[in-house]
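Architecture at a glance
Here's the letter readout for the chains.
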Amino acid sequence: MEKHQFKAESQRLLDLMINSIYTNREIFLREIISNASDAIDKLAYTALTDDKVGIARDDFAITITRNEDDRILTVSDNGIGMSREELEENLGTIAKSGSLGFKQAMEKQEDIDIIGQFGVGFYSAFMVASSITVITRKYGEDKAWKWVSNGADGYTIEETTKDAAGTQIIMTLKEDTEDDKYSDFLKEYEIRNLIRKYSDYIRYPIKMEVSKSRKKEDSEEYESCTEEETLNSMVPIWQRAKKDVTEEEYNSFYQDKFFDFTNPLRTIHTSAEGTVSYKALLYIPGKAPYDFYTKDFKRGLQLYSSGVMIMESCEDLLPEHFRFVRGVVDSQDLSLNISREMLQKNRQLTIIARNIEKKIKSELKSMLENEREKYEAFFEAFGRQLKYGTVSDYGVHKESTQDLLLFWSHKQGKLISLKEYVEAMPEGQEKIYYVPGENKEHLAKLPQVETLSKKGYDTLLFTEDVDEFIPQTLMTYMEKSFCNASSEDLGLQTEEEKKELDAKAEELKGFLTFVKETLGEQVKEVKLSANLGTYPVCMSPEAGMSFEMEKYMKRMTPEYSFSVGRILELNAGHEAVQAMQKAMTEDPLKAKDYAQLLCYQAQLMAQLPLEDPYAYTELVCKLMV
Ligand code: ADP
């Protein structure tokens with residue numbers, strides 16, 4: 001018989017399981033049963049189109065047997081089974097979702113206590129078993145296989161026989177110690193409790209021989225006997241009435257099904273009758289999965305039709321902007337053997353998807369309005385997704401997402417929605433002001449923000465790459481237009497003041513030309529500004545552009561990067577600018593140095609890198625001496 005070693009990382013996980021002191025070991029049974037149920041799902045699905053399966057829907061079952069004398073607990077299913085290769089692949093490596101998630105958490109050194117809250121999978125059985133035998137036969141194959149392992153020294157595989165397709169997991173439980181009574185897991189009541197607690201919703205009967213007492217015939221006496229009983233109610237949780245499901249049950253189902261070890265932030269249990277009837281159980285997770293913002297993440301809801309799972313993750317049920325939602329949809333209106341291509345064009349499915357989108361939006365909105373702290377936690381995890389959703393496809397999804405966005409309010413010092421911004425606008429304010437940049441602290445000091453602030457106007461501080469694209473996509477919100485305070489006219493001046501500034505610019509024309517000529521290509525334009533507050537200068541991007549975009553492009557797609565024209569704005573009332581102006585006639589060389597120095601300062605304030613920091617340093621030193 002061949003002896004195989006586990007793959008290195010699987011071995012590490014196994015060691016952990018074997019030596020686990022985790023108190024929730026009991027979840028091993030949930031894991032084994034959940035695998036059995038998945039395997040039956042697969043064969044039940046095959047049976048829809050393949051007559052040869054020959055098992056009626058009602059005959060699919062999971063069977064538990066206990067042998068207290070030999071300490072053996074067996075879980076059998078008549079599901080799809082595994083071929084030799086699959087056996088090796090599935091039980092010899094951690095490649096599978098549940099175990100993988102666990103491993104990743106381990107690598108992040110999260111608490112080991114999380115074992116058991118995970119879908120840790122098959123290996124969790126080694127928390128209670130000293131040895132495990134798997135006997136399996138794949139549907140459609142004649143050969144059956146026997147896999148044996150005690151965890152520590154690898155595993156063996158040999159051929160065996162088995163009557164029908166399916167899998168048997170035979171666990172020899174560890175010896176009891178003073179603290180750990182593994183034999184409890186062989187007790188009828190214990191198993192009954194565990195099934196109730198963790199696996200009640202499994203849609204196939206979980207059967208076990210249980211002892212009963214029955215009345216003897218023609219007598220008042222009772223005798224004991226055994227009888228097969230179905231331990232689970234088999235009603236999927238989403239088919240149950242909301243009032244009959246506890247929060248704990250919702251959460252436990254979520255963790256088990258979607259491999260999360262934290263509770264969801266919100267559970268949405270909804271149903272519809274009418275043109276299309278369906279039941280849906282949706283969850284808003286509290287954390288983004290590690291691969292959420294990568295291409296590996298698969299969006300979609302599990303789709304059932306009359307209790308049979310027809311698709312593991314149906315993308316068409318969930319719009320991209322709500323891809324963080326996990327859940328299950330069950331509708332008897334969908335034909336069971338509908339092909340995937342047909343499903344895409346299915347009218348019922350489109351209606352369900354539309355309703356679900358609306359429902360998610362309204363639930364998130366109510367969370368935003370009534371459970372602010374929770375919503376902020378949600379937004380921390382998935383806000384970026386909502387923003388991407390807003391700007392993608394030229395903004396066609398904005399109705400679903402725009403009310404859900406939060407941005408940092410300079411005035412209020414917290415995250416606020418666009419609605420809250422507009423509602424707090426004082427009399428006279430016409431625009432929604434924002435500034436894009438790298439960090440809030442720096443943005444808060446921008447002269448334009450200061451100017452707006454003095455008028456009692458709030459500015460939204462945009463610090464994520466995607467933020468800037470939002471005003472461009474939305475154009476307006478509640479009929480208010482957006483204004484990029486760092487590059488656009490703030491619209492604060494009266495006609496009179498504008499005229500005054502124009503007159504001043506005319507008067508200083510020679511001076512402005514002098515500064516522009518001195519700086520040459522470094523700037524596109526030099527002009528006066530009335531918005532600089534206490535600052536002498538600022539650097540603003542040419543209209544419609546921003547420096548953040550320039551940086552973003554440089555980072556993301558260097559081949560398409562471009563440089564945004566720089567406009568040097570001068571505060572004619574500032575002493576430093578006046579000093580430069582004075583020097584222009586008295587000492588033009590010095591005035592040139594001043595112009596260059598102020599240009600450097602403006603770049604620094606705009607967080608633009610100086611092309612030649614040495615030249616800057618030399619210039620400062622020269623002026624000091
Ligand atoms: P997970 O269930 O998260 O995928 P497991 O370690 O529990 O991880 O199982 C690994 C794989 O082994 C499963 O994905 C499945 O392909 C296979 N498997 C486990 N139990 C059974 C079973 N009873 N019948 C058929 N295949 C099974």
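You'll find the structure just up there.
Values in this document were obtained by computation on a predicted structure and should not be read as measured data.

On to the overall build of the chain. Scanning the chain for helices and strands turns up 20 helices and 23 strands. Taking 2.2 N^0.38 as the reference for a compact globule, 625 residues should give roughly 25 Å; the C-alpha atoms of the chain span a radius of gyration of 34 Å, well beyond that estimate. Expressed along its principal axes, the backbone C-alpha trace of the chain runs to roughly 125 × 55 × 45 Å. Looking at the chain residue by residue over its 625 residues, the buried ones come to 50%. Carbon and sulfur atoms form 48% of the exposed surface of the chain, whose accessible area is close to 31000 Å². Within the chain, one finds 80 positive and 110 negative side-chain charges whose respective centroids are separated by 2 Å.

Moving on, we come to the sheet that holds strand S5 (residues 144-149). Taken together, the nine strands give an open sheet; going across it, the order is S1-S6-S5-S4-S7-S3-S2-S8-S9, and neighbouring strands pair in mixed fashion. Sheet topology places strand S1 (3-4) and strand S9 (222-230) at the edges, where each strand pairs with a single neighbour. As paired strands, strand S4 (residues 129-137) and S5 are joined by six bridges and run antiparallel to one another. Residue Ile-135 lies in a different strand from S5, and its bridge partner there is Lys-146. Sheet contacts for helix H2 (residues 27-49): strand S2 (62-67), strand S3 (72-77), strand S7 (166-173) and strand S8 (206-215); angle to S3, the most-contacted strand, approximately 20 degrees.

Put simply, the second largest pocket is a space of about 420 Å³. As for the second largest pocket, its lining consists of 19 residues, and the residues nearest its centre are Gln-522, Arg-566, Gln-603, Pro-609 and Glu-611. Those elements that provide at least two residues to the lining of the second largest pocket are helix H17 (547-556) and helix H19 (588-605). When its residues are assigned to classes, the lining of the second largest pocket shows eight nonpolar, four polar and seven charged.

Below, the discussion takes up empty space enclosed by the protein. One pass over the structure, following the stated rule, counts two cavities of 30 Å³ or more. Counted as a void, the largest cavity has a volume near 210 Å³. If you trace the largest cavity, you find 19 residues lining it, with Pro-436, Leu-446, Ser-486, Phe-547 and Ala-606 closest to the centre. Looking at the lining of the largest cavity, the elements with two or more residues in it are helix H12 (440-444), helix H13 (447-454), strand S22 (537-541), H17 and H19. Of the residues that constitute the lining of the largest cavity, the class distribution is 11 nonpolar, six polar and two charged. A domain split of the lining of the largest cavity shows at least three residues from each of domain 3 (405-492) and domain 4 (493-625).

What follows is about the packing of H19 against helix H20 (residues 613-624). Two numbers describe how H19 lies on H20: the axes approach to 10 Å, and their chain directions differ by 130 degrees. Judged on the interaxial angle alone, H20 and H19 are oblique. Once H19 is placed against H20, the crossing between them reads as left-handed. Touching Lys-590, Asp-593, Tyr-594, Gln-596, Leu-597, Tyr-600, Gln-601 and Leu-604 of H19 are Ala-615, Tyr-616, Leu-619, Val-620, Lys-622 and Leu-623, all from H20.

For the rest of this paragraph, the subject is the state of the cysteines. Counting across every chain of the model gives zero disulfides. The structure places no disulfide on Cys-483, whose sulfur is separated from the nearest cysteine sulfur, that of Cys-538, by 13 Å. Accessibility expressed as a relative area gives 0% for Cys-483, which makes it buried. Between Cys-599, a free cysteine, and Cys-538, which holds the nearest cysteine sulfur, the sulfur-to-sulfur gap is 12 Å.

So, on to the pattern of salt bridges. As enumerated under the stated definition, the model contains 43 salt bridges in all. Among the salt bridges present, the one from Glu-188 reaches Arg-192, with a minimum N-O distance of 3.6 Å. Placement of both Glu-188 and Arg-192 in helix H5 (residues 188-198) is noted, with a separation of four residues, approximately one turn of the helix. Residue Glu-188 is classed as buried on the basis of its relative accessible area of 16%. Among the ionic contacts, a cluster of salt bridges with common partners joins Arg-66, Glu-68, Lys-187, Glu-188, Arg-192, Lys-212, Glu-227 and Glu-229.

This part covers the packing of helix H16 (residues 509-519) against helix H18 (residues 575-586). Close contact between H16 and H18 brings their axes to 11 Å; oriented N to C, the two are set at 90 degrees. As far as their axial angle goes, H18 and H16 are roughly perpendicular. Across from Phe-511, Phe-514 and Val-515 in H16, the residues of H18 making contact are Val-577, Met-580, Gln-581 and Met-584. Classifying every residue of the contact of H16 with H18 by side-chain character gives six nonpolar, one polar and no charged.

Our focus in this paragraph is the pairing of S4. In terms of burial, S4 is a largely internal element, seven of the nine residues being buried. Examined bridge by bridge, S4 and S7 share eight bridges and lie antiparallel to one another. Along S7, the bridge assignment pairs Val-134 with Ile-169. Linkage of S4 to S5, two consecutive antiparallel strands, is achieved through a turn of six residues, within which Gly-140 is found at a positive phi near 95 degrees.

What follows deals with helix H6 (residues 247-258). Within an α-helix, residues lying three or four positions from one another point in the same direction, as the helix has 3.6 residues per turn. The terminal C-alpha atoms of H6 lie 16 Å apart, and with 12 residues this matches the ideal 16 Å at 1.5 Å per residue to within 8%. Tyr-250, Asn-251, Ser-252, Phe-253, Tyr-254, Gln-255, Asp-256 and Phe-258 are the residues of H6 that are buried. Buried residues along H6 sit against H2, H5, strand S10 (266-272), strand S11 (278-284) and strand S14 (326-330). The positive-phi residue at the C-terminal boundary of H6 is Phe-259, with phi of around 50 degrees.

Turning our eyes to something else, we now look at the nonpolar core. Leu-364, Tyr-375 and Phe-378 are the most contacted members of the largest nonpolar core, which has 66 residues in total. Here this core gets nine residues from one element, more than from any other, and that element is helix H8 (residues 347-370). If you count residues domain by domain, this core takes at least three from each of domain 2 (237-377) and domain 3 (405-492). The contact partners of Leu-364, leaving out residues within four places of it in the chain, are Ile-284, Phe-322, Phe-324, Tyr-375, Phe-378 and Leu-404. Residues Leu-13, Leu-29, Ile-32 and Ile-191 belong to the second largest nonpolar core, which totals 65 residues.

For the rest of this paragraph, the subject is unusual backbone geometry. Positive phi outside glycine occurs at Asp-218, with the angle close to 50 degrees. Looking at Asp-218, the relative accessible area reads 81%, which means it is exposed. Look at Gln-607: it is not a glycine, yet its phi comes out positive at around 60 degrees. Given the relative accessible area of 28%, Gln-607 is considered partly exposed.

Criteria and thresholds
Residues numbered from 1 in each chain as written. Predicted model: local features only at pLDDT ≥ 70, side-chain atom pairs only at ≥ 80, totals over all residues. Heavy atoms only, no water. Helix = DSSP H or I, 4+ residues; strand = E, 2+ residues; numbered from the N terminus. Rg over C-alpha atoms; globule rule 2.2 N^0.38 Å. Buried < 20%, exposed > 50% of the residue type's maximum accessible area, 1.4 Å probe, protein only. Areas by Shrake-Rupley, 256 points an atom, 1.4 Å probe, with all protein chains shown as cover. Lys, Arg positive; Asp, Glu negative; His and termini not counted. Charge placed at Lys NZ, Arg CZ, Asp CG, Glu CD. Pairing = 2+ DSSP bridges. Contact = heavy atoms within 4.5 Å. Axes fitted to C-alpha atoms, helices over the stretch in contact; angles between N-to-C directions. 1 Å grid on protein atoms, 1.4 Å probe; cavity = no way out; pocket = protein on both sides within 12 Å on 5 of 7 lines; lining within 4 Å. Points joined across faces, edges and corners; volume = space filled by probe spheres on them. Nonpolar A, V, L, I, M, F, W, Y, C, P; charged D, E, K, R; others polar. Domains from an automatic or database assignment. Parallel < 35°, antiparallel > 145°, perpendicular 65-115°, else oblique. Left-handed = near helix turned anticlockwise from the far one by under 90°. Disulfide = S-S within 2.5 Å. Salt bridge = Lys/Arg side-chain N within 4 Å of Asp/Glu carboxyl O. Expected span 1.5 Å × (residues − 1). Core = buried A, V, L, I, M, F, W, Y, C linked by side-chain atoms within 4.5 Å.

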